[in-house]
Amino acid sequence: MAVLLYAVFSLVLLLNPGAESFAILPGDSLNHLEITSMAILNATLQACRFVAQTEGTDFTFPSEPYTFETVALACKSTQSSKSFRQAVYLITYRNVRVDIQHALNASFHFDDESFTGGRAIITELLQSVKASIKQENYDAARQKLGEMLHPLQDFYSHSNWVEIGNTAPNANLIRLDTSIGNIAAPTRATCRNCNGDDCKNNILEDIIEEKVLTSGYFGVVPIVSTKPPGKCSHGGSVDQTSKIEPKGGINKDTFGSSHGHLHTQAANLAIAATSQLLEDIRGAAGDKEFLQLMGISKGSSKALCFVIDITKSMSDDIEAVKVVTNTIINTEVGTDNEPSVYILVPFSDPDVGPLTKTTDPQVFKRVINDLSPSGGGDEPELSLSGLQLALTTAPFNSEIFLFTDAGAKDTYLKSTVIALIERTQTVVNFLITDSISTNRRRRSPIPRLAPMDSQLYKDLAQASGGLAIEVSKSDLSTASSIITEASISSVVTLLQTARSPGVTETFLFTVDETMTNVIVYTTGSSISYTLTSPSGLNQIGTSGSLVTSSESVGNFQTLRLTVQTGEWKLKLSSTNPYTLKVIGKSPIDILVDFVQASQGLFGGYDTLETRPKAGVEGYLVVTLTGSDSATVTEVVLVEAQGSNIIPGVVQAVEGTFLVRFATIPSGQFVVQVKGKDGPSVFQRQSPTSFTSSNLTITATPNDLLTPGTPFVVPFTISTSEVGVNITIRATNNRGFTSTYPSTLVIESGNSTNGTVTLSAPLNTPSGSDVTLTIEAETPKGDDNYVVLRFSVFNTVTDFTAPVCELLSISSNCSVNCSSYQWSFSAQVSDGADGTGVERVSLKEGNGTLTTSPDPQNANIIKVSYSASCCSPSMQLLVVDRVGNVDTCTFSYNSIVTSPSSLATKSTPTTFVLFITTFILLFFSVTK
C-alpha cells in the first residue's frame, strides 16, 4: 500500500470540519496527525536513548519542538530520516483514514457508549501489531498501529473521561483482563439539554459524582438518526442526534466543539495514552525492533535485496554476488551506509526461495556463501515469481538486484510485478549475463521452451527506474559496482528517461549545493555523448575534465562528473534504444503519492491505491525529506518516452505540498520536482514510473486474516464503457489457495462487483503478512490493479503479563556505597495457562543480570542480579510469547525478614506513570 503524505491528512480535515474526530480548525486545536506524531517522536527518542545506553554511547535530546530531521540526527541515523518520515506517515495516514472508512462504526470512535467494542478493536489490533513485529512485517504493523490509535485517541475526546475528573490515561483500554470503568447502563440518563450553545454543564451531576462512563451518540441521517432517552450526543452540525433532546453534545474534538473548553485536556490525555501504548509495544518488541518499526536504523535506510537465478549456468554470477556481498558487509557494517535489512530470494524452476530476510549481516553473508548452483539448463526460470516475492517483502522505496542468464517462464506475472513496483515505488535492476538466447542451448541438448525475452526485463527496469544491464559473465563483477552505489540511502535521482527508438536529444539536470558523487548511467549501444557544464565548458565523449572517471562494460556506461552546481546539459545521440539515469548523493529527497476525492461520508481527499485516471484532473502530494527549510517551487509530469510535460499548480499545506494537474497524461510518466533550500535550487525525480488508466478498481476488506477461515475480499470495477468483458487476475505472495471470477462483464451502470476468497493454512504463523494483487484488464489492454496487504492473526487468549517473585535479597550497603554490593534472586513465570516467558531483560539499572530456565519448570525463568550500592534500584522488563509486558522494580530496601514474604510479586514500575505525568505537565505548560 502506498504511503499517503502529511497534506492529505490535513486536507481531509481542513475541508471537512464536520468530521467526528480530532480535527484541524482555526485556532490551536490538535488533531490525530499531531497527537500521533508528537507521541511517536518522543517514543523514538526514548528508544534511541536506551539503545545508546546499552551500547555505551552518548545521547543528547534535540531542542524542541522535535522534527523528523532532528530526531533522526539525535538517533545518529540521519540517513534514515526519509524512511522515518515515511513510516510515521503510514501510521498517521491509517489513523486518519478511519474517519473515511469507518465513519459510522461507533466502536472505532467510542461513540454510542460502545466501550466494549472499542476496546476489542484496540486489543485485537495491538496483538496483531506485536505478532507482525515478531515476524519482521513492519509495514503491516504500521497499518494496524495507525488504525488502533484512532479509537484509542477518540476515547478521550468522545467520552466523559475528562469530565469525571481523570488526569491520567485509562491504561485498561489496552488490556482485556481488566475493567474499563463504571459504564452507564443502557437505560440510565446521562445528559440534559445544553443552555443554548453553552454545553459546559450538560452532563448530569450523578454521572460526574459517581464517575460513570458515557459517550455521545452520533448519526448523520435526519429522521433515521436516534438515541436512547436521556443519552448524550456527540454534537456538531453533522450529528443529527444532537437535535434530539437532550440537545447538544459532549465531544472535545476542537476548541469549537460542544465541550471545546476541555479540548486541551483531552488532546494531552490522547498524547499520553498514545505514548503509553507505544511504550507497551516497545517493551514487547525490544528497542531496536521498535526503531525498525519507526523506520530508524543506524546505517542506511535501504535494504540490500538480491533475487538470484541459482541454476548451474549461474556459477560465475553467484560468485560475483558473493564477492559484492562480502565487500559491502566488510566495508559498510557499522557505517552510515550499512543496509538496514538484507533480503535474498533464490529461484530456478520449479522452485522459488526459500526467502531470507535478516538484519544480521553475518547471517546474510553465510546464506549467500552457502548458495550453490544446481539444475536448470533446459528452459526459462521463474524469475518473476522470485521478483514478486522480493517486492512483497522489501520495504517501500527499496532497490532490488535480479541476476539471471535466462528468460522468464512466468511472463504472466508481468502486470502483477509492475503493479507491485508502482505501489511500493521500488527500483529493480537486472544484471543479465551473456547472450543467453544461445548460451543455455549450447550447454544442454534439450531445447529451451521459450527464447530469452530481454525486452521484458527492460520494460520492468524502465517502469521501476532501474537498469537492465547486459554483460558477459567475465565482466559481471565490474557491472556489479552499481550495487555499492545504490545501497547508500542518501542517493537521489535527478533524471531518469528512455528513448526507443534512439534519437539525438539534449537532456537538462540541475546539480545543487547539497550534491556530491554525481553519476550518469546509460544503457544501450553506439551512444555518443556531449557534456556541457554550468560554467559553459563543453566535452565531447566520455573522457575529459568534466568526467572524473568512466567505465564501459557490455551495454552499460558509467560517467562520474566533476561536481559543479547549476544546470548541466547532456546530449545523447544514437539510432539504437537507450536509457539515461543521473543520480547523486544528497540528504534532500522527495516522497510522492497520488490522491483522489474521497468517496467517504465526509468527502475530502484520500490516498489513491490504484493507478490515476487518465485524461481528467488529478492531485499529487509531494513531501521533502532531509531538510526542515526546503520548499517546492515546481512539479511537472513528464512522459516516460518523451519530453512532453504537464505542469502542476503547487500549494503548500501544513509542511508539505499539494499539486493539482489539469489532466493526467495517458500511458507512462514520471514526476519531476524543483525546489529551493535557502539560495540553492534543486531538482529531483521519482525513479518509479506511474501509469494512468481508464479503469477504476476499489477494495476495502477487513485486514485481519484468520488461518483456516475463508477470507472474502469484495472489489468493484468501473469504467466509462458498457458491455465490456473485463479479465480478472488475482495473485498472492504466499501461494494461498484463492478463488475469483476469471472475467466480469460491465453491462450497465458502468460498474460491476466481484470477490476474491483466500484460505490460509492452519499452521500459518500469526503476524505473517499476505499481499494480494487484484488486476482488471479490458480487451484493448487497458488495465488497473489494487494491491492489498493483510495480516494473519491467530486469536490470543493469554492477556496476562508474566509475574516476578522475589526469592532472596541481601546487601551490606552503608554510607560509603561505592565499596559495597547488593544482590537478589527472583523468578519470572507466566502462569499455568500462559503462553510462556519469552524475554527477561534489564530496563533500568547498572548491575549484572543473569537469567536461566528453571530445570524443573520450563515456564519459569530464574533471575539473579548484583549491583553497587550506589545503584540502589533496578527494573526488569518481562515479556511473554504473545507480547504481554510488565516491569518489576527491586531495590536493596526491599529486604524481607520472613520466608513467607519472599514469594511476593514485586512492586509494579512507575515508569509509564512518570512519562505520562511528564507529558501532561509539559503540554499544560506549553499550551
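The preceding data block contains the structure.
**Student:** Could you give an account of the overall build of the protein, naming the residues involved and the relevant values?
**Tutor:** Secondary structure assignment for the protein yields 18 helices and 43 strands. Taken across its 927 residues, the protein has 59% of its residues classed as buried. Residue pairs in contact within the protein that sit at least 24 positions apart in sequence constitute 73% of those at least 6 positions apart. Accessible area of the protein: about 34,500 Å², with a carbon and sulfur share of 52%.

**Student:** Would you mind going over the packing of aromatic side chains in detail, with residue names and values included?
**Tutor:** Within the structure shown, the criterion is met by 24 aromatic pairs. Each ring, one from Phe594 and one from Phe669, has its centre 5.9 Å from the other, and the planes form 85 degrees; the classification is edge-to-face. Of this pair, Phe594 sits in strand β18 (residues 589-597) while Phe669 sits in strand β24 (residues 668-677); the two residues are 75 residues apart in sequence, bridging distant segments of the chain. Judged on exposure class, the residue Phe594 and its partner Phe669 are both buried. Linked through ring pairs, Phe110, Phe115, Phe155, Tyr156 and Trp161 together constitute an aromatic cluster. Arg49 extends its terminal NZ or CZ atom over the ring of Phe50, reaching a point 4.7 Å from the ring centre. Stacked on the ring of Phe50, the Lys or Arg Lys843 has its end atom at 5.2 Å from the ring centre.

**Student:** So what about the packing of helix α2 (residues 32-55) against helix α4 (residues 81-101)? Which residues, and what values?
**Tutor:** Here α2 crosses α4 at 140 degrees, and the two axes come no closer than 10 Å. In this view, α2 runs oblique relative to α4, as classed from their interaxial angle. Judged by the sense of rotation from one axis to the other, the crossing of α2 with α4 is right-handed. Side by side, α2 and α4 meet where His32, Leu33, Thr36, Ser37, Ile40, Leu41 and Thr44 of the first sit next to Phe84, Val88, Ile91, Thr92, Asn95 and Val96 of the second. In terms of residue class, the contact of α2 with α4 is built from seven nonpolar, six polar and no charged.

**Student:** Describe the environment of Val417, listing the residues and the values that go with them.
**Tutor:** Counting through the fold element by element, Val417 comes out in helix α13 (residues 414-424). Classification of Val417 by relative accessible area gives buried; the value is 0%. Taking C-alpha positions, Val417 is 7.2 Å from Leu384, a pair spaced 33 residues apart along the chain. Dropping the residues within four chain positions of it, Val417 is found in contact with Leu384, Leu387, Leu391 and Leu460.

**Student:** I'd like a rundown of the environment of Leu391, residues and numbers included.
**Tutor:** Structurally, Leu391 is set in helix α12 (residues 383-391). For the pair Leu391 and Arg423, spaced 32 residues apart in sequence, the C-alpha separation works out to 9.8 Å. Here Leu391 is in contact with Ile400, Val417, Leu420, Ile421, Thr424, Thr426 and Val428, once residues within four sequence places are set aside.

**Student:** Residue-level account of the environment of Ala390, with values.
**Tutor:** Topologically, Ala390 is positioned in helix α12. Each C-alpha atom, one on Ala390 and one on Leu344, is 7.8 Å from the other, the two residues being 46 residues apart in sequence.

**Student:** How would you summarise the pattern of salt bridges if you had to cite specific residues and measurements?
**Tutor:** Close approach of charged atoms lets side chains of opposite charge pair. Under the counting rule described, the total for this entry stands at 34 salt bridges. Glu609 is the salt-bridge partner of Arg97, the closest N and O atoms lying 3.3 Å from each other. Pair noted here: Arg97 is in helix α4 and Glu609 is in the loop between β19 (605-607) and β20 (618-625), with a separation of 512 residues, a long-range link. In terms of burial, Arg97 and Glu609 fall into one category: buried.

**Student:** Quick rundown of the sheet that holds strand β28 (residues 704-705)? Include the residues and the values.
**Tutor:** What the five strands build is an open sheet, ordered β28-β35-β34-β30-β32; its pairing is mixed. Edge strands, defined here as strands with exactly one partner in the open sheet, are β28 and β32 (743-746). Of the strand pairs in this sheet, β28 and strand β35 (residues 783-792) are connected by two bridges, and their pairing is parallel. Note on β35: the bridge partner recorded for Leu704 is Ser791. Against the sheet, α13 touches β30 (724-732), β34 (769-777) and β35, its axis set at about 70 degrees to β35.

**Student:** Break down helix α6 (residues 138-158) for me, citing the residues and quoting the values.
**Tutor:** The terminal C-alpha atoms of α6 lie 30 Å apart, and with 21 residues this matches the ideal 30 Å at 1.5 Å per residue to within 8%. The buried fraction of α6 amounts to 21 of the 21 residues, a majority that puts the element mostly inside the structure.

**Student:** Requested: an account of the sheet that holds strand β16 (residues 566-573), with residues and values cited.
**Tutor:** With respect to topology, four strands assemble into an open sheet ordered β10-β16-β12-β13, the strand pairing being antiparallel. Looking along the sheet, the strands with just one partner apiece sit at the ends: β10 (505-511) and β13 (538-540). The sheet shows a mean angle of 20 degrees between the axes of neighbouring strands, taken without regard to direction. Sheet analysis places strand β12 (residues 528-532) next to β16, joined by five bridges and oriented antiparallel. Residue Tyr529 lies in a different strand from β16, and its bridge partner there is Leu572.

**Student:** Let's hear about α12: which residues, and what values?
**Tutor:** For α12, the tally of buried residues reaches nine of nine residues, placing the bulk of the element in the interior. Taken as a whole, α12 has its buried residues at Ser383, Leu384, Ser385, Gly386, Leu387, Gln388, Leu389, Ala390 and Leu391.

**Student:** Report on the state of the cysteines, specifying residues and quantitative values.
**Tutor:** Tallied over the entire structure, the rule returns six disulfides. One disulfide bridge connects Cys48 with Cys75, the sulfur atoms lying 2.0 Å from each other. Its torsion about the S-S bond being 105 degrees, the disulfide of Cys48 and Cys75 is classed as right-handed. A residue pair is termed long-range when its members are at least 10 positions apart, and Cys48 in helix α2 and Cys75 in the loop between α3 (68-74) and α4 qualify at 27 residues. Under the relative-accessibility criterion, Cys48 is labelled buried at 6%. With a sulfur-sulfur separation of 1.9 Å, Cys813 is cross-linked through a disulfide to Cys869. Disulfide Cys813-Cys869: the torsion about the S-S bond is -80 degrees, which places it as left-handed. Here Cys869 lies in the loop between β40 (857-868) and β41 (873-880) and Cys813 lies in the loop between β36 (803-811) and β37 (821-829), a separation of 56 residues in the sequence. Numbered in order of appearance, the disulfide-bonded cysteines of the protein are paired 1-2, 3-6, 4-5, 7-12, 8-10, 9-11.

**Student:** Go over the nonpolar core with me, naming the residues and quoting the values.
**Tutor:** Side chains that are nonpolar tend, in soluble globular proteins, to be buried together. Counting residues in each nonpolar core, the largest one holds 67 residues, and the members touching the most others are Phe84, Leu145, Met148, Leu277, Ile281, Leu293 and Met294. Looking at this core, the elements with two or more residues in it are α2, α3, α4, α5 (115-134), α6, α8 (263-285) and α9 (287-293). Discounting residues that sit within four places of it in the chain, Met294 has contacts with Ile40, Thr44, Ser83, Phe84, Ala87, Ile91, Leu145 and Leu278.

**Student:** Outline the pairing of strand β9 (residues 491-499), supporting the account with residue identities and numerical values.
**Tutor:** Judged by how many residues are buried, β9 sits mostly within the fold: nine of nine residues are covered. Pairing analysis gives eight bridges linking β9 to strand β17 (residues 578-585), with the strands arranged antiparallel. Residue pairing across strands places Val492 opposite Gly584, the latter belonging to β17.

**Student:** I'd like a description of the pairing of β17, backed by residues and values.
**Tutor:** With seven of eight residues buried, β17 is to be regarded as a mostly interior element. For strand β11 (residues 516-523) and β17, the ladder comprises six bridges, and the chain directions are antiparallel. Its bridge partner being in β17, Val520 is matched across the sheet by Val582.

Cut-off values and rules
Residues numbered from 1 in each chain as written. Predicted model: local features only at pLDDT ≥ 70, side-chain atom pairs only at ≥ 80, totals over all residues. Heavy atoms only, no water. Helix = DSSP H or I, 4+ residues; strand = E, 2+ residues; numbered from the N terminus. Buried < 20%, exposed > 50% of the residue type's maximum accessible area, 1.4 Å probe, protein only. Contact = heavy atoms within 4.5 Å. Areas by Shrake-Rupley, 256 points an atom, 1.4 Å probe, with all protein chains shown as cover. Phe/Tyr/Trp six-rings, centres within 6.5 Å; stacked < 30°, edge-to-face > 60°. Lys NZ or Arg CZ within 6 Å of the ring centre and 35° of its normal. Axes fitted to C-alpha atoms, helices over the stretch in contact; angles between N-to-C directions. Parallel < 35°, antiparallel > 145°, perpendicular 65-115°, else oblique. Left-handed = near helix turned anticlockwise from the far one by under 90°. Nonpolar A, V, L, I, M, F, W, Y, C, P; charged D, E, K, R; others polar. Salt bridge = Lys/Arg side-chain N within 4 Å of Asp/Glu carboxyl O. Pairing = 2+ DSSP bridges. Expected span 1.5 Å × (residues − 1). Disulfide = S-S within 2.5 Å. Core = buried A, V, L, I, M, F, W, Y, C linked by side-chain atoms within 4.5 Å.

The quantities given are spatial measurements derived from coordinates; they are silent on function.
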